[in-house]
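Chains, contacts and geometry: an overview
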Amino acid sequence: MHIEINTLFTLGSLMGLLVGGGLLKLVSHLSRGRIQFMYAICGGILLGLLFFDILPSTWHLYDLKGVLLGIVAGYIVMLCIDLFLHKTNSAISPFQSLILLTAAIFFHILLQELPLG
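Residues numbered from 1 in each chain as written. Predicted model: local features only at pLDDT ≥ 70, side-chain atom pairs only at ≥ 80, totals over all residues. Heavy atoms only, no water.

1. Concerning the overall build of the protein
Worth spelling out the cut-off: Numbered from the N terminus, helices here are DSSP runs of H or I no shorter than four residues, and strands are runs of E no shorter than two. Note on exposure labels: buried denotes an accessible area under 20% of the residue type's maximum, exposed denotes more than 50%, and partly exposed covers the range between, all computed with a 1.4 Å probe on protein chains only.
Looking only at helices and strands, one finds four helices and zero strands in the protein. Secondary structure elements of the protein occur, N-terminal to C-terminal, as α-α-α-α. Considered along the principal axes of its C-alpha atoms, the protein spans approximately 45 × 45 × 30 Å. For the protein, with 117 residues in total, the buried portion stands at 4%.

Here it is, written out as structure tokens:
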């Protein structure tokens, strides 16, 4: 039973990726390849999710000081990563980009799954 649930979650994740890729192709075709339009859509979705779902439920469950401390700590970490790892003068090879994205996804999933146990 446990393996069946994991398989369903894996298939659900795959379907989500396929639908997201399909929507990306559709929006790219409709916007004639202008990447700024896609950035605006994704940014709007993320801001709406943050302000209308994540922050209200977090403030309801946790103390405001802890939430604000987490936001500030996350901002400082992202600022340090940008300052020390972002190379503006040299091109990043596709292999370096692959390694960095793989590490980012790994740590994202790790930190996301820790509270779920």
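From this point on, the discussion continues.
2. Here's the deal with the layout of surface pockets
Test applied: Any residue with an atom within 4 Å of a point lines the site, the site being either a cavity, points on a 1 Å grid over the protein atoms alone where a 1.4 Å probe fits but cannot get out, or a pocket, an open set with protein on both sides within 12 Å along at least 5 of 7 lines. Grid points are joined across faces, edges and corners, and a volume is the space filled by probe spheres set on the points. All amino acids are sorted into three groups, where Ala, Val, Leu, Ile, Met, Phe, Trp, Tyr, Cys and Pro are nonpolar, Asp, Glu, Lys and Arg are charged, and the leftover types, Gly among them, are polar.
Roughly 480 Å³ of volume is contained in the second largest pocket. Secondary-structure elements contributing two or more residues to the lining of the second largest pocket are helix 2 (35-61) and helix 3 (64-85). Ranked by residue count, the leading element in the lining of the second largest pocket is helix 2, at nine residues. Grouping the constituent residues of the lining of the second largest pocket by class yields 11 nonpolar, four polar and no charged.

3. A few points about the environment of D82
Inspection of the secondary structure puts D82 in helix 3. For D82, a relative accessible area of 40% puts it in the partly exposed group. Remark: the alpha-carbon pair of D82 and D63, spanning 19 residues in sequence, is separated by 29 Å.

4. Overview of the environment of I109
Looking at the secondary structure, you find I109 in helix 4 (residues 94-113). Sequence separation of I109 and W59 is 50 residues, and the distance between their C-alpha atoms is 23 Å.

5. A few points about a nonpolar patch on the surface
Worth spelling out the cut-off: Patch building starts from residues that exceed 30% relative accessible area and form no salt bridge, then joins like charges within 9 Å and nonpolar side chains (Val, Leu, Ile, Met, Phe, Trp, Tyr) within 5 Å. Values of accessible area rely on a 1.4 Å probe in the Shrake-Rupley scheme; residue burial ignores everything except the protein chains shown. We define a salt bridge as a contact between a side-chain nitrogen of Lys or Arg and a carboxyl oxygen of Asp or Glu at a distance within 4 Å.
Among the surface-exposed residues, V72, Y75, I76, V77, M78, L79, I81, L83, F84, L85 and L100 lie close enough to one another that they form a single nonpolar patch of about 1,200 Å² accessible area. The greatest single-element share of the nonpolar patch, amounting to 10 residues, is contributed by helix 3. On the secondary structure map, Y75 appears in helix 3.

6. Overview of the confidence of the model for the protein
The test is simple: Across the chain, each position has a pLDDT score giving the predictor's confidence in that residue, from 0 to 100.
Confidence in the prediction of the protein, expressed as mean pLDDT, is 79, and 91% of residues score 70 or more. Ranking the elements of the protein by mean pLDDT puts helix 1 (residues 2-30) last with 78 and helix 3 first with 85.

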